[in-house]
Every structure is written in C-alpha cells, then in structure tokens.
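Structural overview
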Amino acid sequence: PPPPPGLPALGGEGTGARVLEESLWRAAGGPESAMYFLSGWPRRLLCPLKGSERPFYIQPDSRRLLFALLSQTQISLWYSRPSVLIVSYKESAKAASQFGSYEKTEWKSDSSMIAVTTANGYILLFDIGYSGQEKCLYEPVYPKGNPRVKVTPGYKEEQCAPSLTVEMKKVLDFQAKITSLQSMQDDLVIATNDGILHLIHWDGLTNGRKAINLCSVPFSVDLQSSRGPSLDFESVHIEDMEHCATLDGFAVVFDDGRIGFITPISSKLTAENLQVVCAQEVTDGTCVAINNKYKLMAFGCVNGSVLVYTMDTTTGAMQLSHKLELTPKHYPDIWNKTGAVKLVRWSPDCSVAMVTWECGGLSLWSVFGAHLFCTLGGDFAHYSDGTKKEPIKISSMSWGAEGYHLWVISNDGTHQIGNDLENKSVLQQAEILQFQFIKSALTVNPCMNNQEQVLLQGEDRLYLNCGDTLQNQNSSTASANSGHQPVREKNPLYKGILVPQGLSTLLGHRHWHVVQIHSTYLESNWPIKFAAVDQLGQCVAVAGRYGIAHYALFTRKWKLFGNITQEQNMAVTGGLAWWNDFIVLACYNLIDHQEELRLYLRSSNLDNVFAHITKVQSETLLINVFRDMVILFRVDCSICLYSIDRRDDGPNPTANVQVLQEVSMSRYIPHPSLVISVTLTSVRTETGITFKMPQQACAAESIMLNLAGQLIMLQRDRSGPQVRDKDSISKQKKLLPFCAPVVLAQCVENVWTTCRTNKQKRHLLEALWLSCGEAGMKVWLPLFPRDNRKPHSFLSRRIMLPFQINIYPLAVLFEDALVLGAVNETVLYDNLYVHNNEREPLEVLFPFCTVERTSQIYLHHILRQLLVRNLGEQALLLAQSCATLPYFPHVLELMLHEVLEEEATSREPIPDPLLPTVAKFITEFPLFLQTVVHCARKTEYALWNYLFAAVGNPKDLFEECLLAQDLDTAASYLIILQNMEVPAVSRQHATLLFSTALERGKWDLCRHMIRFLKAIGAGELETPPPTPTTQEPSSSGGFEFFKHRSISFSQSAEGPNGGKFNLQKTLSMPSGPSAKRWSKDADSNENMYIDEMLWRHARRLLEEIRLKDLSNFAAQLGFELISWLSKERTRVARIEDFVKALKRLHNDFLWPFPVIPSSCLVNSPFKNGKYKTVGDQFLKSQSTETFVNSDLESGVINAHGSHICLSLNAAHTQMDSGSLQGPQTQDAILSPLLSKGDECSIGSATDLTETSSMVDGDWTMVDEGFSTLSLTQSELEYISMELANKGPRKSQVQLRYLMHIFMEAGCLEWCIIIALILRDSAVINQIISSIQHSEIPMDILQGIKDGMLAVDGWASADCPGYKPFLNRIKPMLEKLNEVTEEQIQPEAFQPLSRLSISKAVEPPSSWAEDSRNAAGHLNSQGDGGGSISRQEDDGPGEEEEEQLEDEGSYECSLS
C-alpha cells in the first residue's frame, strides 16, 4: 500500500545490497535469461534468382557450411562464411512441367550429392563437384609478407567460398506424392502419401530391397504388446519423419495427426522387422524434430505446443518428458493464438530448440523446457509508439555452423523496387534473414562447470564477466602519469600469487568484457568450437577448426601458433580446459593420425616444442580437470584419469602426465554421443564413512556423468580394507575402484561443483548444483550434525532440494549463494526511420538486441525447502554460515514474503502452514524486526493480519524496536499500526517514538513525526507536502539555526577571501516554511499538543545545561527559541549554578580553560619598555585578546606553502580611564604578506592544548625572514598562549550566536556565562549598563551577583586562568552591587529586546573584535545609536567598508 499520510517509507526499501535489488525483485514477464542470445539486428541476404521465384525451403549439409535453397524450379547453393550464393540450377520449362515444382531437399552425409523432391512424385538426384581449375569464387587477399599463404595443400581453398557445380545425375519416379525423405548414410528413406516407405541407395538403385507398406507394420503403445495388425492404421501415411541415430529408428507424424516411433527390431529395414510405437491421446501432430544427444523427439501440435517425448528403456513406450508452450502469465495476448506449430529445429549442439508457428514468430527453448525468448512479445511485437507489428512468417529455417546463425526464409510478399524500364527486369530480392547468436560456452565445453565465471562465445568474439578488474601489466606505468589508478585495474599477478576475484568483481555492473578473437586465427579456423576461461577468469583459450589460440586479459594480447603447419595439423576434438597456467586439450594429430592429450604453457610460445604430449588410445569426446587430475571420456565409452605434476627444473615450467586409472562404462552407456558431460568431484553419499573419519574434500571421490539428461554418479568403493595414513605414501598410486553407477537426477542440463573448501560454508561448497530446464534448479545438499554430535541413523547424509529461479543459470557462486546468468535486452530504433510502402529496413522490423549480465540469489529457496522437511537445525546452520553476506537481510525477507503470499492467498485450507515456522526461524537473527516490517510494507494490506498472526502483535514489535533503539524500524511499524489500530493507539505510539527521536537527535524522523501527528489529529487523508530533506550538522559547519528562519549562513566563493560567511539575522518575527507551519494552525489543539512536547523537551535540555543540543534541536525543527526563552527567562532559563554551567559549556563546545603560566606572567613582552603607554594595565585589559582576534581570525593570517610572514603595526591611541567600557588599547594587527596568485589557507603552530583548535591546520614557522619580524621569541610565546586559551572558531561562532539569542530573550545570566567563556568584557559592560537603565527583577540581579561570586571563588581555587579577566571586570561588578541595593518592582520590568542595545555590541562572530579596536571600543554613554565602520583586508590591495545600520542586524566574516 502507499505510505499513509504523515510518514514516508522509512527504512523498508533503501537498505541492503543494491547490487541485487533488480534481480531479487524481478517482475514477472521481464527480460528472460538464456543460454543462447540474439545479438544485434538480423542480416538480410540478397538472393539474385532470375524471374519471380522466391526461395521457400532451406536445408544445410552435415557440416552446415553449405546450404541448399529451393524455389519453384530452381536450386541454389550458398556458402556460410562468407554468406554468398555459389551456384544455382534452374529447371527447363519442359522438365518443370513434367516434374512439378520443387518441394524438399536432402543432402548426402559427405555433401557430394543432393536429392530434391517434386510435386509430381519425382526425386531428382544431383552431383555436387568442383568446377574445373578454378576452385574458389572468393578468396582472401593477404598483404605482402603475410605467412598465411598456401602453407598446406588445400589450405587456401578451405578458407574461401568454393566454386561448385550442380549436375543432375538421375530422376526417380515414385508415382505418388512424396511427403518426407531422410538420409541414412548411403541410403535414402522416402515416404509417400500412399502409405509406402521406400529405401533406395544414393546411386538411385533399390538393391533388391522391397518397399514397406505401413499397413503391414504392427502398431502398439509399447514394445511389450502383442504383435498384431492394427485396423485403425490401414489408411494412414507418414506426413513428417526424422531419423534418430541414438534411438535407432524414425520419429514420425501421420497424416491424421497421430505421432509415433518406428523402431527396427533387427538391423534390416523390412516390414517384418519394424514396429510402430504410438503415443496415446495425441491426434494433432504437425511436425517432428529429433535431438540425438538427449534422445528426445519434439512433436509440434496444432494447438501451438510442442510435446517432447523420450523412449522408456524398459517397456519401449513413448514417454512424455515435457512441453514447450507459451504461458498466459508471460504472453497473455498471444499464448493461445499462435496457430499450429510449423517448424521445430534443434541447434547443432542439441542444447536449444527453435520453434515457429503458422502465425509467425520465433521462440527459443532449452533442451528440457526452459523458455529463453520469444519474438511474439515485448519490443519484437510492438513499435516504439506502441502500435503492434505483424510477426514475421517463416516458411523454412535452419541453424548455421555451431549455432552462431539462424537462416530464416520468410514467406512475406516482396515489393518490386521502382517502375522504370531498367528495373522491370531487376532481380527479385527474396527475404533471406540471418539471425546472429551468442551462446554459453557450457553448451559445447562442459568442463566450464567448475568455474564461477560466465563465458559467452560468439562467431568472432568472447564475452566475459570477469575481466573488469584487470588492466595491462604496464598500466601502472601509464597510470603513474595520470596520478590515479583504480584498484580494479591493477594487475593480479603480484609476486606470482594470483588473487581470486571477489563478489564485487563478478557482480560489479551489467556490462561485459568483450574480447575480439584474433582475425588471423579466425579467418583460417572459423567456426570457433570451444572456449574456456581459467579459474581466476584472466586467461581465455579458443579452439576452432584447427589449432588453438589464447588471450590474457592483463596483457591484452593473443598468442597464436608461430608455425602455421603445427596449427593446421591439430584438431581439438574433446574440448579444452585450464590447469593453473597450462592449457589442457584433447586433439587429433592429422599427420600421425593419433589421438593425443596435450598441455601448453601459457607463458611460453605457442609451439609443440613447449607442449607435453601424451598419446591416447581412442578419440576423446570430453575433458575435464579436478585439482591435479584430468578426466577423459573416450569414444569407446571408457573413462581415463590422469595426474598432472608441474616441474620447474628447466628454463620453462613443464608438466608431467601419468595415467592413474581407467574405467569402462560400455555396460551402462548405449551410445558415446549421449554423454553430455563428465566431472570429477569430491561429493559422496557418505556410505561406508564413519563420523570419526570425515570426508576428505580434496580427494576425487566420485565421477558425475550426464547421460542424455540423467545424472549418474560413480563413487569409489570403500567397502574393502581402507588405506591407512602411514601406508598412503606407498599406495598412493593404487586408487580405489568405483562402485556401480547410481542415478541422482533426471532432466539435467548442467552440473556445477567446486574443488575449494571452506569450513565455514561446508553446506554450499560440498553441494552439487543442477540445472534442470523448466524444473528450475536442484541442489544435492550435505547434512551435518550440529556441535559434532553423532548423526541420527534415520537421517540421510544428503538431500536433493528443488527450487525455482527466474534466470537461466550459467554459473554458480558457491560461497556467495548466487546464480549468475545473462539476459537479452532490446532497444527500438524504428522512430529513426520513415515508414513507406517499400520494404522496411530490418532496423524497423526488429529491435536491436544486446546481452546484459544478471544474477539471482537462491539461499532463501534452500532454507525454505529445509524448513518444509523439518530440517530447521540444518537451515539454521546454513543461514548462520551466510549471515555475513551483504544481502542476507534480503534472503530472510524474500523467504517470508514468498511463504506469506502463497499461504495467505491460497483458496484451499493449508493443513500444515509454513509461515509460523518461517517466523520462528527468522527470530533467531537480529534482523527479525526489520525483516518483518519490510516484508509487510511490500505486501498488500489485506495480508497483514495473516502475517502478524504468525510473527506477533505489531504493538509488541514496535516496543521491541524502541528498546533496541532502532527508531527507523519503529517508524515503519508505526505505519502498520496506523492502518491496523484506532487513531488513539497510533497517536500514543507516535508520541512515544517522537519523544525518543527527540532524545536521540533523529531530526529527519522528528520532522516526519510532526507531520504524522498532525495528520492523525486532523484526520487528513492526503499526504502533507514533504518536509525538505536536511542533513544533520557536520563537524565542519556551525549550528544550522538558519534552515527555517530568516537567518542565512552561506559560504562565499573560494579564493583568498573565500573563507568568509555572511550572517544576517532578524530576530523579531520568524518567516519561511517553518514559520508558516508553526503559525498556520497555532490555535489548533494538535499544534498545541506538539508544541507542548517540544517545549517539554527544550525545557529538559536547558535544565540539563545542554545548550548545544538545544541549539541543534531548534535549528533542525524550526523551534522558535527566542520567544520560548522570553517566556521561560524567569523559570527554567535561570541558572542555579554558574560554575556548573560554565564547566558544561567548556566541555560541550570544546573550549579550553584559560591558563597563564608563570613564565608568561613574569616575562611578558608587554611589560617591557616598548609598550610603556599601556604598561601594566595591559594584563588587565582585553588587549591581547584584541591583538590576537583582530585580523588573525578574520582570515588575514594565511599560510601559503611553508612560509608565514607577520608584521606588527602598533598604533597608540588615547585612553579614557573614566570610560565604562574599560581601558582602551592599542590596535595590534597581524597582516600577511601574500604573493601573487597564492591560495589562502590557515596554519597553526601545532595544537597547544588537547581541546584547542582555534585555527584549522598547523601553523608553520620557518627561519627564513623571521629576523624581519618585530616580535621577539617571548612575545610569540605569549601570543601562542593566548591562542591556546581559545576554542575552535566554529564554537566561537556558535557561542556568540547563542549569546545574542539569549540577549534578545532577556536571559542575562546566560549572556554573562557566555561572555565569561569568551572573556568579552565589552558584553559584560553592556549588560551592566543596560541593567542600570532598565528595571530588572531583583532575584535575577541577585542571581548574577551570587553566581559571579561563586565563579570568582572557583577561579581562585581551581582555575587561576580566569583571574586576570575577573579582575578586569571587577569594577563593572561593583556597579552591579550598587544596582542591587535599590528595590526594583517586577511590574516595571521591560524586556531587554526593547532596550536600545548599541549596534557596536559584539557581532555574532569571533573575528569582528577588530572593529571594536579600530573604532575605539564600545561607547555606551550615548543613546545607543551610531555606527561602526571597519576596514578589512580582503586580499592583496583590496579594502572594503561595511556599514551596519539597522538594529538587530549583524554581520561577521568568517575565515
């Protein structure tokens, strides 16, 4: 709900780690995270086909380097890089009329032939070959001297678009419409609409094999059913068909919409050896696509969903795995209006599926159903002005090499450009679009699953989230000139120690570190197949068609093979990984025809001379690294473990590789290509390990295999005799065998583990993390007994916990409880283009796509799952281990919020609610009060009763906040109480909070509470205008009395005179916003109630002699201090104990007690003959104070560099000994000798007392030019002592301001006290003179007299530094005795504010005393009029005269 009137949202939304705020509270339907990402805009390829024919079908060859495009009577071949047309074949008119239009095409596995089906039942077989001598249509042009020119036979031809020919070889007539054809090695399988399956050889011969009639093939729901004819399948034929190599059969869609799988019982494809297994209750199939890697069959349906089936290995039945369908939650407008599914295409790495519908659009899904993106919503479906776009309708599409491109042929009509004669025969521009993709390195190189970095690979670049903390090794030299080097750009290689990245590095911002792949390597070895980043995220390696290359972020340089022949003779087959600073890869040696395991040192040249090469028996499919071990999975379904040792005995470090163990998996793996990933881990089920012998996290305890989505675990068999520690050295090479495999989970896409250890976070680091598509994530969490107790026998040692997250996981930060991912962001640029009737540019049709980093926390999901399973003790252990995370408060808040939303909005009664358990769990942490109120503030009001029924009464929680002094949280609870309780209760608690906030000095909260109390009292529903935000006074500024008054305190511009302030004060009536607030409803009861609280607080502060707190209170809340003091001057504004008040002010304002050492009294320079006009009276006067204050404190003394030059100008003046204001003194001025252009600053000669800071900085006295001074050493010591007796200049400003406040209010006792501290005899003289001309109550006069006597006694006993000043004002106090002898009636009392106080009273600045000296002290014998003019040295050669003319207007200049 919105904040109620009177109190804004306090503390609920602004706390915690802002890094994760967006991902923690991500709204549904926002940018979806993915593992494949669109990049930029799609490309439009020009198709120069003659005539008006447009392509409508595309089919790639097995390597996806060549693409065949069909139009009605024409076939054209395109090359992938560059994407250009190579050759086209057009049918003659006579042959076209005979064959009919082209419909579908299929490549032979070696790309040497292509088959085309026609509308009249013909199949045309074409030969693809090279055209004569010219083998290249396009070839790269190299600069002179470039070594990459024909170093190997056929090298140059492979990097260019080849010149090919298309020649018709044979025509086959099947006398029936051909509905589907599939290539199986050397055979073609053709389905016709008469229900016949034909098997022919690519040379066009049947080789004696008979066609198969589907009517003779048995149909059943599984392979265990009886083999009998099915009458209901007599008249069906196959509409779509695709061969599945790993399942050894065909997935088919029949013309009536039913779907099935044709499985051969034996190796021969005959009617007797075939059986069709059908899926039940499916009658609307439209198309099919096979995922060979995961043994999945995706069937498109008429209703717009895709059904993904797998085969049950025990019964042979088709089993529904999951569905790919749009949900109304994310696509409410289009989810049921997509039409039938038209095409489904799996990516080359089988990790994602692209789907398109009859109505158009593209949608991408992960292999197990996680939705990645869709073009039917968001910026894809709308223009920038909000109008709806027509979705792109697709007739055919195909993935390019390695999934970097999606070739799309749209069936939208095209427009002829121009009408003139030249353009009538213009080549028609067909819509061939090429979408560009970036994908996660996990899709092809699963050895990345033990990394904490996100690595994305594109066609020509890499994206890393780990490169933003580093810079070139030479950056320190470059940054030395700039004078500033950010910490994040320093080289991590410090004395050879690599420091891992922190949380801020991996999360710092949403941008990527983009590494452009070296063009020289890319042009020879496109496409990039594998990419890997090292453990610290500072080095990356890539492998293309041949060779490898690697890049270091701290050097910003690529390393390529110096010998190109070595590069071209090595092809990486099983991926690559990093082991420390070595690149580990499994490759095939093209010269020796040998499979090898190679290690290359990063710091050495990339050459086989520096490589460690180990021969491998068979082809390696997968590779991974765990600590100092390498695990290989080979094509013979065997696993081999190797150990790696680093050797530094030579000039370059080398690695030693030894075989440790081999494990055969052929019994459990039906096909080697079904293995997605292989990982060595330290994870165990704890079987056979007693509590006294805990698991060694550093040991390779188990092997994790992802077999077509099934996670299989093989752990070491410890059932036999164990190796003791003393025998471990001799038997370390003899590793324990592995047990039989155990299935841990289904539908697994990725697995993450870590080899690090952390005793504080064992739960997270010893867990196994799984990504399971639409099922979200799972964690296999270890359970530990608490306090080393023996675990219960009935408890498992591990538990599998599922949880949902809003992003697709690409990396897991184990210790930080975070999942990292990436999202596609879109930007519209269509408003930059003018819409016309011609074909619109792609920038209008599609948004520009970028990839941004994202993250999400998962800890609250795990805690909740543990609490559901009554494992609260484990949840508490886990939470306590993560309590130091900066976003841990959000974890508790999210868990409480999610449980509350689910249970409070449930329509069905919940038999065992979780909310009380969660509430009890949160009370174990000190953040309980904040967590509850923050959750309530972000939840609907209707759920509050349910929430507080579980967590406790909000009144009790409010009181707990007050006891804990957590006022901001208490303010949030006050909003809860305002909505849930009657106004009287809210007012009672608000009053309590207001009083506490006043005492604690929480001024912002006090201002909000005033508004809140007014809103309650007046019953307002509208939120009052916001109070201006103010900051509490800092140590560098004075009291902020001036915020809501007509008093301004502003600093002028910097410079030699920049340290001056102008203070203008009008003390008669308040003005400004606060004055309106205080005067608008002065008569209302609510205002009186608030005023009473403020008066009571001010009264208490004054009673406790807390003038500084009183001043802050008045300044922050706009409290009218003068009017209040006027009322209280005879009550609380009286001083009971002058000595106590004097001491308290000294302490509060850091004002030192005056001291006069005997050396200064005896050897004072002012007693010598140079000052005979003043003589001994100088010590009794204020001369030294004036001497020091005159221009020194007004900013005239300046320190520039390390020199200060002082000159003493003494001017003798006449002294009137009968004056009431005391003896006149000479004017001693310290003036600087500033050089041109010097900046102004203040120095000091070190702090003379602990509390004295009269000036900022340090005075620096040097010998140079010191002889030019007219002051002796003893004179300087005396001046320094006077400086030491003064407090900070900020305190001086504050005290003088307070003195004038009290003088306006008529509080003479406080004026006397402040004048004593400042040792200002002129003020005391003025007060005594005013008393003589005014009628003052006798008790006040007697109080002043008694107080001064007490001060004199205290000074004599404890503080002799005050004695000189008290002796100087003694004549004035004697006049006070004369006044007290007369009886003054209280009725005749007149406020002091009506007195005509001389304008020459000390201005509210400590540096204005020089005006008194220049004009000759205060002259109180007159009528109080007159003016003071003073000259002030504002800078070199610049003087300014300032006149004070109005009563109550003062000015001071502060340095």
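Report follows, based on the coordinates.

Description of the sheet that holds strand β6 (residues 84–90)
- Within the open sheet, the four strands sit side by side as β3-β4-β5-β6. Their pairing is antiparallel. Across the chains shown, the open sheet's two edge strands, defined by having one partner strand only, are β3 (57–60) and β6. Averaged over all neighbouring strand pairs, the angle between strand axes comes to 20 degrees, with direction disregarded.
- Relative to strand β4 (residues 66–70), β3 runs antiparallel, the two sharing four bridges.

What to know about the nonpolar core
- In terms of nonpolar packing, the biggest core is built from 256 residues, with Trp769 and Phe921 touching the most fellow members.
- Here this core gets 10 residues from one element, more than from any other, and that element is helix α31 (residues 1308–1318).
- Leave out the neighbours within four places in its chain, and phenylalanine 921 touches Leu863, Leu867, Gly872, Ala875, Leu876, Ala879, Leu892 and Met895.

Brief notes about the packing of aromatic side chains
- For the coordinates displayed, the defined rule picks out 30 aromatic pairs.
- Taken together, a centroid distance of 5.5 Å and an interplanar angle of 70 degrees make the contact between tryptophan 41 and tyrosine 829 edge-to-face. Taken together, the residues span a long stretch of sequence, with tryptophan 41 in the loop between β1 (36–38) and β2 (43–45) and tyrosine 829 in the loop between β59 (818–827) and α10 (842–845) at a distance of 788 residues.
- Taking the centre distance of 5.7 Å and the plane angle of 90 degrees together, the rings of phenylalanine 561 and tyrosine 600 count as edge-to-face. Of this pair, phenylalanine 561 sits in the loop between β41 (557–559) and α8 (564–568) while tyrosine 600 sits in strand β44 (residues 594–601); the two residues are 39 residues apart in sequence, bridging distant segments of the chain.

Quick word on a nonpolar patch on the surface
- A contiguous nonpolar surface patch, about 350 Å² in accessible area, is contributed by Val827, Tyr829, Leu832 and Tyr833.
- Tracing the sequence through the fold places leucine 832 in the loop between β59 and α10.
- With relative accessibility at 62%, the residue leucine 832 sits in the exposed group.

Structural notes on the pairing of strand β56 (residues 777–782)
- Counting buried positions along β56 yields five of six residues, so the element is predominantly enclosed.
- Relative to β56, strand β55 (residues 768–771) is paired through four bridges, and the arrangement is antiparallel. Looking at β56, one finds that tryptophan 769 is bridged to valine 779.
- Counting the residues that bridge the hairpin from β55 to β56 gives five residues, and of these glycine 773 lies at a positive phi of roughly 70 degrees.

Scoring rules and cut-offs
- Residues numbered from 1 in each chain as written.
- Predicted model: local features only at pLDDT ≥ 70, side-chain atom pairs only at ≥ 80, totals over all residues.
- Heavy atoms only, no water.
- Pairing = 2+ DSSP bridges.
- Helix = DSSP H or I, 4+ residues; strand = E, 2+ residues; numbered from the N terminus.
- Axes fitted to C-alpha atoms, helices over the stretch in contact; angles between N-to-C directions.
- Core = buried A, V, L, I, M, F, W, Y, C linked by side-chain atoms within 4.5 Å.
- Buried < 20%, exposed > 50% of the residue type's maximum accessible area, 1.4 Å probe, protein only.
- Contact = heavy atoms within 4.5 Å.
- Phe/Tyr/Trp six-rings, centres within 6.5 Å; stacked < 30°, edge-to-face > 60°.
- Patch = residues over 30% accessible without salt bridge, like charges linked within 9 Å, V, L, I, M, F, W, Y side chains within 5 Å.
- Areas by Shrake-Rupley, 256 points an atom, 1.4 Å probe, with all protein chains shown as cover.
- Salt bridge = Lys/Arg side-chain N within 4 Å of Asp/Glu carboxyl O.

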